[in-house]
Amino acid sequence: MMTRMLVLLAALAVPVFGFAVESGSQVAWTTEALSLVKQGNVEKGKSLAESCKSCHGEFGQGMPAEVVDDETIPAIPALAGQVANYTFKQLRDYFNGDRSNDSMTSIAKGLTEQDAADLAAWYAWLPAPKQKTANNEKLAIAEKMAKEGDGKRILPPCFVCHGANGQGEKMDIPSLAGQHADYFERTLMAYKNDQRHNDIYSRMRLIAKQLKDNEIKALARYYQNIQ
């Protein structure tokens, strides 16, 4: 079983489906960079996060999507409990132009590397959010993708990288547990449609392009419900 997993993961590290494999990010995990994030100052990060509360919430819980006057306002991602390296990388990707968002790009341009490390430390320190949904049905499609994957499509199970409980991994693989379903879905669709490309070696783009839209929706609900 483990051998098969490794083969599937290795397949994602080479050019397939006609897409060029590229880093997608200028962040390099040198010893210095890892040390910078590891030593991020939680208290300084808390102070910096005061300006983030209006969007990401007082405790980094984000905001769910909502409909106002027949217009859907997209969800704002939860940051609490997120892997520090991941948050740091995203802020630096916005700074470097490897990821784009009108609001976040402008904010990130005003942050130093130390600021990014301190913010990442603060949000990693906060307890992960516990989202409540009206529908807690067992999502068989999502569970299969999360736990088994699909060898025929060269899709490894999500847990191999994101952990059995969607908790993410130490390097820079994000936590998925408790993330707003709308944001999760939009993220995977952005990878699928090449609107987001800051994933290392196109890993998430290659995976997302193989996922059906209904699988993406199911995975988004599945991980939102994980506590």
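See the structure shown above.
In short, a report on the structure. (Residues numbered from 1 in each chain as written. Predicted model: local features only at pLDDT ≥ 70, side-chain atom pairs only at ≥ 80, totals over all residues. Heavy atoms only, no water.)

Scanning the protein for helices and strands turns up twelve helices and two strands. Order of helices (α) and strands (β) in the protein, N terminus to C terminus: α-α-α-α-β-β-α-α-α-α-α-α-α-α. In the protein, buried positions account for 46% of the 227 residues. Sequence-distant contacts, at least 24 apart, represent 69% of the contacts inside the protein between residues at least 6 apart. (Helix = DSSP H or I, 4+ residues; strand = E, 2+ residues; numbered from the N terminus. Buried < 20%, exposed > 50% of the residue type's maximum accessible area, 1.4 Å probe, protein only. Contact = heavy atoms within 4.5 Å.)

This part covers the packing of helix α5 (residues 84-96) against helix α6 (residues 102-109). Running from amino to carboxyl end, α5 crosses α6 at an angle of 95°, the nearest separation of the two axes being 8 Å. Looking at the two axes, α5 sits roughly perpendicular to α6. In contact with Leu91, Tyr94 and Phe95 of α5, α6 contributes Met104, Thr105, Ala108 and Lys109. Tallied by class, residues from the contact of α5 with α6 come to five nonpolar, one polar and one charged. (Axes fitted to C-alpha atoms, helices over the stretch in contact; angles between N-to-C directions. Parallel < 35°, antiparallel > 145°, perpendicular 65-115°, else oblique. Nonpolar A, V, L, I, M, F, W, Y, C, P; charged D, E, K, R; others polar.)

The next subject is the nonpolar core. Of all hydrophobic cores here, the largest spans 22 residues; its most connected members are Ala142, Phe184, Leu188, Leu211, Leu219, Tyr222 and Tyr223. Secondary structure elements with two or more residues in this core: α8 (140-147), α10 (181-192), α11 (203-208) and α12 (213-225). The element contributing the most residues to this core is α12, with six residues. The contacts of Ala142, once residues within four sequence positions are left out, are Ala218, Leu219 and Tyr222. By size, the runner-up hydrophobic cluster in this structure holds 19 residues, among which are Val37, Leu79, Leu111 and Tyr123. (Core = buried A, V, L, I, M, F, W, Y, C linked by side-chain atoms within 4.5 Å.)

Mapping Gln90 onto the fold places it in helix α5. The buried category is assigned to Gln90, whose relative accessible area is 6%. When sequence neighbours within four positions are dropped, the list of residues in contact with Gln90 reads Arg99, Arg196 and Asn198.

Before going further, it helps to examine the pattern of salt bridges. Evaluation of the coordinates by the stated rule reveals nine salt bridges. The closest approach of N and O atoms between Glu185 and Lys217, which form a salt bridge, is 2.8 Å. Of this pair, Glu185 sits in helix α10 while Lys217 sits in helix α12, and the two are 32 residues apart along the sequence. Residue classification places Glu185 among the partly exposed positions, given a relative accessible area of 22%. (Salt bridge = Lys/Arg side-chain N within 4 Å of Asp/Glu carboxyl O.)

A few words now on the packing of α5 against helix α7 (residues 113-125). Packed helix pairs are characterised by how far apart their axes lie and by the angle those axes make with each other. Running from amino to carboxyl end, α5 crosses α7 at an angle of 140°, the nearest separation of the two axes being 8 Å. Crossing angle aside, the handedness with which α5 passes α7 is right-handed. Touching Ala84, Thr87, Phe88, Leu91 and Arg92 of α5 are Glu113, Ala116, Ala117, Leu119, Ala120 and Ala124, all from α7. Of the residues contributing to the contact of α5 with α7, the split by class is eight nonpolar, one polar and two charged. (Left-handed = near helix turned anticlockwise from the far one by under 90°.)

Glancing now at the packing of aromatic side chains. Applying the stated criterion across every chain yields a total of four aromatic pairs. Both rings, one in Phe184 and one in Tyr223, keep their centres 5.8 Å apart while their planes meet at 15°; by these two values the pair is stacked. Residue Phe184 is found in helix α10, and its partner Tyr223 is found in helix α12; the two are separated by 39 residues along the sequence. Taken as a pair, Phe184 and Tyr223 share a single burial class, namely buried. Taken together, Phe184, Tyr222 and Tyr223 form an aromatic cluster joined through their ring pairs. Seen from the ring of Phe95, Arg92 lies directly overhead, with NZ or CZ sitting 4.1 Å from the centre. Looking at Lys109, its charged tip hangs above the ring of Phe95, at a distance of 5.3 Å from the centre. (Phe/Tyr/Trp six-rings, centres within 6.5 Å; stacked < 30°, edge-to-face > 60°. Lys NZ or Arg CZ within 6 Å of the ring centre and 35° of its normal.)

Before going further, it helps to spend a moment on the side chain of Asp115. Topologically, Asp115 is positioned in helix α7. An unpaired buried charge is present at Asp115: no salt bridge exists, and Arg92, the closest side chain of opposite charge, is 7.8 Å distant. Excluding its chain neighbours within four sequence positions, the residues that come into contact with Asp115 are Leu48 and Gly110. (Lys, Arg positive; Asp, Glu negative; His and termini not counted.)

Take unusual backbone geometry next. Non-glycine residue Asp69 carries a positive phi angle of around 55°. The backbone of Asp70 sits at a positive phi, close to 65°, despite the residue not being glycine. Relative to the helices and strands, Asp70 is located in the loop between β1 (66-68) and β2 (71-73). The exposed category is assigned to Asp70, whose relative accessible area is 79%.

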